[in-house]
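Observations on the model geometry
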Amino acid sequence: MIDRRRFLLAAGSLPLLGSAANAATPQAAGQPLLGNPKLPQPDKTTRWAIVGLGTFATGQMMPAFRSASNSRVTALVSGNPQKARDLGAAYGVSKFYDYGNFDTIAANKDIDCVYIALPPGLHAEYTIRALKAGKHVLCEKPMASTVAECEAMIAAAKAAGKQLGVAYRCHFEPNNADAVRRLQAGEIGKLRHVSGDAGFDLTPQQWPPHKWRAEQALAGGGSMYDIGIYALNAALWAAGEDPVSVTAVYSYPKDDPRFAEVEGGVEWRLRFASGISAQGSSSYCYTYSSRHQLFGSEGNILLSPSMDYGNIPMTLTKNFVSSSPRAGSASSQFANQIEAFSEAVLANRPHATGGEMGLRDVKIIQAMYQSAANNGAEVKL
Ligand code: NDP
């Protein structure tokens, strides 16, 4: 087990102490680097507004702020004032906004960062408004509905001189990160192929928050936008390069009334210039499942499930022998992500999963849709 701070250091999300850049600091004269009053000390805590108090924000992210050492919630933004007040009471937050007066967060000096947890069709609007208000933004995945929206968000972050992160939480999940670390360390030889699946059964009748997921305007896309994006992003993380082409087909029951506006499933393949290949599926029609496997020339690593909130077992197989290494608990991923974003803001350096990554993934999913609409024809990227 590694604790969160050591995980962030290992993941490259914290500045390395004692590095070459620090060699000429007072540390070299035998003084401790941390806490040295002669060195500039950035503020150690960021203050956050949470926008959209839905299932994920209230179920996973807000509780995680309690264990994020450098971040705290200072404002809530919601269309439901009573819910906001109740959550405010539980979290010790007394500043509330709605979507109409959201821009007035500009005047609130107790907000440094904004976390956008709205349906994807609203990501671009609220991200850009937050950036214009002078705040850093961590936006949920998928980054936005369209490539043009993602580009506008990146342009707004540049214009504001603020951070824009996309909340790819699995980058901060210890076993997902450890799989990539092992791959990069050569433990399974050279990467040849990646395979990943992610899906769940979309049931808007039983679970109302699923309703927007079937509506193009709010969801931006279907299963691939919402959940398949995890397998895609994980494949690209492992490959370490962008694909040169994509093919995809739609795969869901014909005439399923749930999918009048968005797709219910996609099977996809990516090709990379190095010769690596990747394939996967997303679905709103199979029961909740997630799986991610890296096939190397000398072994393979399986994460199954690969994107749970609570448990992500790893199986490493080499020479016909399997082991189950564990780098840490999946439940720490939310606080890890919050801390890493705050570290990036405090240190004024790009967050590990920034806007360009979100844009890349939306571009590739759009290419998948283009391929699927043309009977699986290859689309060059
Ligand atoms: P929910 O529907 O549960 O929450 C969305 C919230 O957005 C609502 O509760 C509401 O909050 C607000 N909202 C504002 N306008 C609308 C609208 N027109 N329709 C619906 N909601 C609206 O969704 P989730 O929490 O599941 O998803 C929110 C975001 O988080 C999405 O971008 C999703 O992709 C992402 N997500 C990420 C996950 C991850 O693992 N990283 C997992 C699940 C979701 P209020 O009442 O306060 O105004």
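Before reading on, note that the structure itself is shown above.
For the structure given in this document, a descriptive report is provided here.

Definitions and limits used
Residues numbered from 1 in each chain as written. Predicted model: local features only at pLDDT ≥ 70, side-chain atom pairs only at ≥ 80, totals over all residues. Heavy atoms only, no water. Pairing = 2+ DSSP bridges. Helix = DSSP H or I, 4+ residues; strand = E, 2+ residues; numbered from the N terminus. Contact = heavy atoms within 4.5 Å. Axes fitted to C-alpha atoms, helices over the stretch in contact; angles between N-to-C directions. Near = heavy atom within 4 Å. Polar contact = N/O pair within 3.5 Å; in protein donor to acceptor, adjacent residues only side chain to side chain. Areas by Shrake-Rupley, 256 points an atom, 1.4 Å probe, with all protein chains shown as cover. Nonpolar A, V, L, I, M, F, W, Y, C, P; charged D, E, K, R; others polar. Domains from an automatic or database assignment. Salt bridge = Lys/Arg side-chain N within 4 Å of Asp/Glu carboxyl O. Buried < 20%, exposed > 50% of the residue type's maximum accessible area, 1.4 Å probe, protein only. Parallel < 35°, antiparallel > 145°, perpendicular 65-115°, else oblique. Phe/Tyr/Trp six-rings, centres within 6.5 Å; stacked < 30°, edge-to-face > 60°. Lys NZ or Arg CZ within 6 Å of the ring centre and 35° of its normal. Right-handed = clockwise from strand over helix to strand, strands pointing away.

This part covers the sheet that holds strand β8 (residues 243-250). Strand pairing in a sheet relies on backbone hydrogen bonds. The paired strands run either parallel or antiparallel. With respect to topology, nine strands assemble into an open sheet ordered β14-β13-β12-β11-β7-β10-β9-β8-β15, the strand pairing being mixed. In the strand order of this sheet, the two ends are held by β14 (321-323) and β15 (379-380), each with one partner. With four bridges joining them, strand β11 (residues 289-296) and strand β12 (residues 300-303) adopt antiparallel strand pairing. By the bridge assignment, Q293 is partnered in β12 with L302. Here helix α8 (residues 223-239) sits on the sheet in contact with β7 (191-199), β8, β9 (265-272), β10 (277-283) and β11, set at roughly 20° to β9.

Lining the immediate environment of the ligand, one finds 27 residues, of which T55, S78, Y99, R169 and Y230 sit closest. One nitrogen or oxygen atom from the main chain of G79 is found 2.8 Å from an oxygen atom belonging to the ligand. Separating an oxygen atom of the ligand from a side-chain N or O atom of K83 is a distance of 2.7 Å. About the coverage of the ligand: the protein hides 82% of its 890 Å² of free accessible area. For the shell around the ligand, the elements supplying multiple residues, two or more each, are α2 (55-65) and α8. Looking at the shell around the ligand, its residues break down into 14 nonpolar, seven polar and six charged. Each of domain 1 (43-170) and domain 2 (174-328 + 354-380) gives at least three residues to the shell around the ligand.

With that out of the way, let us pick up the pattern of salt bridges. Scanning the model with the defined rule gives 15 salt bridges in all. Among the ionic pairs, R47 bridges to D112, the shortest N-O distance being 2.6 Å. Residue R47 is located in strand β1 (residues 46-51), and its partner D112 is located in the loop between β3 (96-97) and β4 (113-116); the two are separated by 65 residues in the primary sequence. Note on R47: relative accessible area 18%, which makes it buried.

To continue, consider the packing of helix α4 (residues 123-132) against helix α5 (residues 147-160). For the pair α4 and α5, the least separation of the axes is 9 Å and the interaxial angle reads 5°. Comparing the axis directions of α4 and α5 gives the class roughly parallel. Between α4 and α5, the contacting residues are H123, A124, T127, I128 and L131 on the first element and E149, A152, M153, A156, A157 and A160 on the second. Considered class by class, the residues forming the contact of α4 with α5 number eight nonpolar, two polar and one charged.

Mapped onto the elements, W268 comes out in strand β9. The spatial distance from the C-alpha of W268 to the C-alpha of I365 is 9.4 Å, given a sequence separation of 97 residues.

To continue, consider unusual backbone geometry. The omega torsion across K141 and P142 is -15°, close enough to zero to call that bond cis. Inspection of the secondary structure assignment puts P142 in the loop between β5 (136-139) and α5. Of note, the bond from S304 into P305 is cis; its omega dihedral lies within 30 degrees of zero at -5°. In this structure, P305 sits in the loop between β12 and β13 (314-318). Located in the positive-phi region is N319, a residue other than glycine, with phi close to 50°.

Let us look at the packing of aromatic side chains. Centre-to-centre distance and the angle between the planes together describe a pair of aromatic rings. The tally for this structure, following the rule as stated, stands at 13 aromatic pairs. With a centroid separation of 5.2 Å and an interplanar angle of 70°, the aromatic rings of W48 and F65 are classed as edge-to-face. A residue pair is termed long-range when its members are at least 10 positions apart, and W48 in strand β1 and F65 in helix α2 qualify at 17 residues. With respect to burial, W48 and F65 carry one shared label: buried. One residue, R66, lies across the ring of Y91, its end atom 4.1 Å from the ring centre.

Taking every second residue as pointing to the same face, both faces of β4 are buried, with C113 and Y115 on one and V114 and I116 on the other. Relative to β4, β1 is paired through four bridges, and the arrangement is parallel. Looking at β4, one finds that V51 is bridged to I116. Where the polypeptide runs from β4 across α4 and back to β5, its parallel neighbour, the crossover connection is right-handed.

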